[in-house]
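The primary structure of each chain is shown beneath.
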Amino acid sequence: MSVSRIKRGRLKRAKRAFATRRVAASHMRTLVTGPIQPVAGDLVLARVDELGNHSRLELICGRKAIMFRGDEIILCYGNRYAPDQFEAVIGPDLGPCDLVAGGGIAACELSRHARMLAPTKITPLGLIGDKFGRRLNVWDYKVSSDDLPPSLPIVLSLGTSMNAGKTLTATSLVRGFKKAGLKVAALKITGTGSGGDTWIVRDAGADIVLDFTDAGFATTYLAPVELIEKGAFRLLNHAAENGCDVAVIEIADGLQQKETSELILAESFRSMALGAIFASYDAMGAKYGVDTLRAAGHKVLAISGRIGRSPLGVREAEEATGLHVYSPWELQDGALSPVLKARASEKLANGQGNNPYLRRIADSPNPMMARDQGRAYSSQLRIDFLGKLAHELIQAELGETPGPGRPASDSRATWPSPFGSVSVTLPELLSQSSNPAFMSIQAPAELIEAAVLAKTRGALKSSLGSLVQALGCPPLSATQMYNLVSGAWSMFEAVDHDERLWAANRLQPNVLAGPALGPHDDLDGMIMNFSGIFNEDPDQHAPLGRA
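Bear in mind that the values here come from a model prediction, so they are computed numbers and not experimental data.

Conventions adopted
- Residues numbered from 1 in each chain as written.
- Predicted model: local features only at pLDDT ≥ 70, side-chain atom pairs only at ≥ 80, totals over all residues.
- Heavy atoms only, no water.
- Helix = DSSP H or I, 4+ residues; strand = E, 2+ residues; numbered from the N terminus.
- Buried < 20%, exposed > 50% of the residue type's maximum accessible area, 1.4 Å probe, protein only.
- Areas by Shrake-Rupley, 256 points an atom, 1.4 Å probe, with all protein chains shown as cover.
- Phe/Tyr/Trp six-rings, centres within 6.5 Å; stacked < 30°, edge-to-face > 60°.
- Lys NZ or Arg CZ within 6 Å of the ring centre and 35° of its normal.
- pLDDT = per-residue confidence, 0-100.
- Contact = heavy atoms within 4.5 Å.
- Core = buried A, V, L, I, M, F, W, Y, C linked by side-chain atoms within 4.5 Å.
- Salt bridge = Lys/Arg side-chain N within 4 Å of Asp/Glu carboxyl O.
- Pairing = 2+ DSSP bridges.
- Axes fitted to C-alpha atoms, helices over the stretch in contact; angles between N-to-C directions.
- Parallel < 35°, antiparallel > 145°, perpendicular 65-115°, else oblique.
- Left-handed = near helix turned anticlockwise from the far one by under 90°.
- Nonpolar A, V, L, I, M, F, W, Y, C, P; charged D, E, K, R; others polar.
- Patch = residues over 30% accessible without salt bridge, like charges linked within 9 Å, V, L, I, M, F, W, Y side chains within 5 Å.
- Lys, Arg positive; Asp, Glu negative; His and termini not counted.
- Charge placed at Lys NZ, Arg CZ, Asp CG, Glu CD.

Asks: Even after reading the chapter, I still don't get the overall build of the protein chain, so can you show me in this structure?
Replies: Secondary structure summary: the protein chain contains 18 helices and 20 strands in total. Evaluated residue by residue, the protein chain yields a buried proportion of 56% over its 547 residues. Element-wise, carbon and sulfur atoms account for 52% of the exposed surface of the protein chain, whose accessible area totals about 22500 Å².

Put into structure tokens, the structure is as follows:
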């Protein structure tokens, strides 16, 4: 191994990649060469030999600088997992390798997507060391907060794969939390070092923005999951120390990716999470993802992502999962706020009563009500719906419907719900004994919302089936389910009619037709380019509709 001084001017002329941004430039003093095996996170000075797929390098400031043959660039060694781009691993030595990510990752390509050009070829000139010749590694520059399990609540943004819409979902959740008056952190805990995702959530108003590079990783592929978990704790504790009330966490790639598949099984994330929102391309992916997360013990609150481009895909997903598919605009408006508030209240009631963060979330205002969105978003509609559900479940328990002339009982009982108390009339046969068992269980807010916002009878039926199961009741008969779906659907259709009149009276002549998507409003374009997603035009928000 050989150590030589590196001139300050040479370092200043080199293009320095985003992934190296936490390393102090004043510490870069030497060049370490010879028979060295690099490890993940090592800084390397390299020469561009042949331009390929990446012709630009994202600098520490975020600007994407054009590269030329012969340029010297400062990168990090790291492994890369990207089904839409490159699979790559760190080589055994400082021999020629590839630039496999625009954020500045050096590795040896193993495979690439068919649409990718060959990677840009580079020659490492040596590892960058400190004044004593010790190699510099991003791990030594991570945030200083401790890695003990935090108490800050989280919401997870997960998905089927890269480019499924996880970052757009996380960004929209940030906007929704901000409209509820909360201080929110946006964290990405796995992936490949790049600034794109951090800039968008920062622009969305996140108070603290951190990613795995702040936890000491250039990339997280092939990193021990225990270290990734502790890195996430460190970021969460840093966010809490800086006054955040809640954190939105994105986990990169899909549920089949090695680290992601292990992280979703971690009890720590389940216990901290208010729930997960799943971003999907299609209904089949949504169904698989929701089932996988539920099997792992997660509370899945909603579906979002690129599936929102297809009304048919949305209907299929809602009917398959019993969950509502939220558009980015709905999430940005805070439409998921009632569900998140209910989850915080549930955790407060179940052993976390001293958690001040949960209290602030539970007590935060509902942005949709603050926007005067009408009865479709009111608590009373949900209470009325639960009253209808309780009536049908009671009749199912009795096994009959009271006939004409049968004396009515004046006995009433109260059923708690996330939206207020539901007054339930108990028939004489039940009033003489204890309340029905389901009334000791609080109906999950996410399933109530999915039922109230259902776009088809099939979606409503699926949500009702999940509600009945969650309440510990046996499945309803076909006739009972038909009666319940028909009654609830009629209730919601009446509200839809009132909402349309209400919208017309608010002088929004185009709202009934829904948003006309131009080139800056195309959802696919938003997910890939994040252009136009924060348009405050009220015409972007279509009212509820039933099919």
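Asks: Mind showing me how you'd approach the packing of aromatic side chains here?
Replies: Each aromatic ring pair is characterised by the separation of its centres together with the angle its planes make. Tallied over the entire structure, the rule returns six aromatic pairs. Geometrically, the ring pair formed by F18 and W199 is edge-to-face, given 5.9 Å between the ring centres and 75° between the ring planes. Taken together, the positions of F18 in the loop between β2 (15–16) and β3 (30–33) and W199 in helix α3 (residues 196–203) put the pair 181 residues apart, joining distant regions of the chain. Given the relative accessible area of 1%, F18 is considered buried. Arranged with centres 5.1 Å apart and planes meeting at 80°, the rings of W415 and F438 form a pair that is edge-to-face. In this pair, W415 sits in strand β19 (residues 412–415) while F438 sits in the loop between α14 (428–431) and α15 (445–452), placing the two residues 23 residues apart along the sequence. Considered together, W415 and F438 belong to a single accessibility category, that of buried residues. Positioned over the ring face of F419 is R382, at 5.8 Å from the centre of the ring.

Asks: Which parts of the structure should I look at to understand the confidence of the model for the protein chain?
Replies: Low-confidence regions, as indicated by low pLDDT, have predicted coordinates that should not be scrutinised in detail. Summarising the model, the protein chain shows a mean pLDDT of 89, and 86% of its residues fall at 70 or more. pLDDT under 50 marks residues 401–406. Its contacts with residues more than four places away, or in other chains, come to four contacts. Predicted confidence is poor over residues 506–545, with pLDDT under 50, and the contacts of this stretch with residues over four places away or in other chains come to 76 contacts.

Asks: Looking at this structure, how should I read the nonpolar core?
Replies: The tendency in soluble globular proteins is for nonpolar side chains to be buried as a group. One finds F385, L389 and W415 to be the most contacted residues of the largest nonpolar core, which totals 121 residues. When residues no more than four places from it in sequence are discounted, the contact partners of L389 are W415, L464, L467, V468, L471 and L484. In this structure, A14, V23, I74 and A107 belong to the second largest nonpolar core, which totals 23 residues.

Asks: How do you make sense of unusual backbone geometry when you look at a structure like this?
Replies: Glycine aside, the phi torsion of most residues is negative, and most peptide linkages are trans. Even without a glycine there, the phi angle at L222 is positive, about 70°. Looking at where L222 falls in the secondary structure, it is placed in the loop between β15 (208–211) and α4 (225–241). Even without a glycine there, the phi angle at D253 is positive, about 60°. With respect to the helices, strands and loops of the structure, D253 is situated in the loop between β16 (246–250) and α5 (258–263). For D253, a relative accessible area of 11% puts it in the buried group.

Asks: Before we go on, may I ask you to explain the pattern of salt bridges in this structure?
Replies: Pairs can form between side chains of opposite charge once their charged atoms are near each other. Per the stated rule, a full pass over the model turns up 23 salt bridges. Salt bridges sharing common partners tie together R21, R22, D211 and D214.

Asks: Whenever I open this one, the sheet that holds β15 confuses me. Can you help?
Replies: In space, the six strands of this open sheet follow the order β15-β14-β16-β13-β17-β18, with parallel pairing throughout. Looking at the sheet topology across the chains shown, the edges are occupied by β15 and β18 (300–304). Strand-to-strand, the axes of this sheet are offset by a mean angle of 20°, without reference to chain direction. Bridge count between strand β17 (residues 273–279) and β18: four bridges; the pairing is parallel. Within β18, the residue paired with I277 across the bridge is A302. Packed on one face of the sheet, α3 meets β14 (184–188), β15 and β16 and runs near 165° to β15.

Asks: Is there a simple way to think about the packing of α15 against helix α16 (residues 457–470) in this case?
Replies: Relative placement of two packed helices is described by the angle separating their axes and the distance separating the axes. The N-to-C vectors of α15 and α16 enclose an angle of 155°; their axes lie 8 Å apart at closest approach. Compared by their axis directions, α15 and α16 come out roughly antiparallel. Crossing hand, α15 versus α16: left-handed. Contact residues: L447, I448, A450 and A451 in α15; L460, S463, S466, L467 and A470 in α16. Among the residues making up the contact of α15 with α16, the classes are represented as seven nonpolar, two polar and no charged.

Asks: Explanation requested: a positive patch on the surface in the structure shown.
Replies: On the surface, R5, R8, K12, R29 and K131 cluster together into a patch of positive charge. Secondary-structure assignment places R8 in helix α1 (residues 8–13).

Asks: Sorry, what's going on with α15 here?
Replies: Along an α-helix, a turn takes 3.6 residues, which lines up residues three or four apart on a common side. The element α15 is extensively covered by neighbouring structure, given that eight of its eight residues are classed as buried. Here α15 has its buried residues at A445, E446, L447, I448, E449, A450, A451 and V452.

Asks: Please clarify how the pairing of β16 should be interpreted in this entry.
Replies: Two faces, one strand: in a regular strand the side chains alternate between the faces of the sheet. Most of β16 is tucked away: five of the five residues are buried. Residues of β16 alternate between two faces, with V246, V248 and E250 on one and A247 and I249 on the opposite face, all of them buried. Direction of pairing for strand β13 (residues 154–159) relative to β16: parallel, over a ladder of four bridges. In the sheet register, I154 faces β16, and the bridge partner there is A247.

Asks: I tried to follow the environment of M1 on my own but got confused; where do I start?
Replies: On the secondary structure map, M1 appears in the segment before β1 (2–5). Discounting chain neighbours no more than four positions away, the residues touching M1 are V32, T33, P35 and I36.

Asks: How do you make sense of the side chain of E449 when you look at a structure like this?
Replies: Relative to the helices and strands, E449 is located in helix α15. Of the residues examined, E449 reaches a relative accessible area of 1% and is grouped as buried. With near-sequence residues (within four places) excluded, E449 lies in contact with Y326, A335, V339, R382 and F419.

Asks: I'm lost on the packing of helix α7 (residues 283–295) against helix α8 (residues 311–321) in this one. Help?
Replies: Viewed as axis vectors pointing N to C, α7 and α8 meet at an angle of 30°, and their least axial separation amounts to 8 Å. Of the possible angle classes, the one that applies to α7 and α8 is roughly parallel. Crossing geometry of α7 relative to α8 is assigned as right-handed. For the pair α7 and α8, the contacting residues are A283, A286, K287, V290 and R294 in the first and G313, E316, A317, A320 and T321 in the second. Broken down by class, the residue content of the contact of α7 with α8 amounts to five nonpolar, two polar and three charged.

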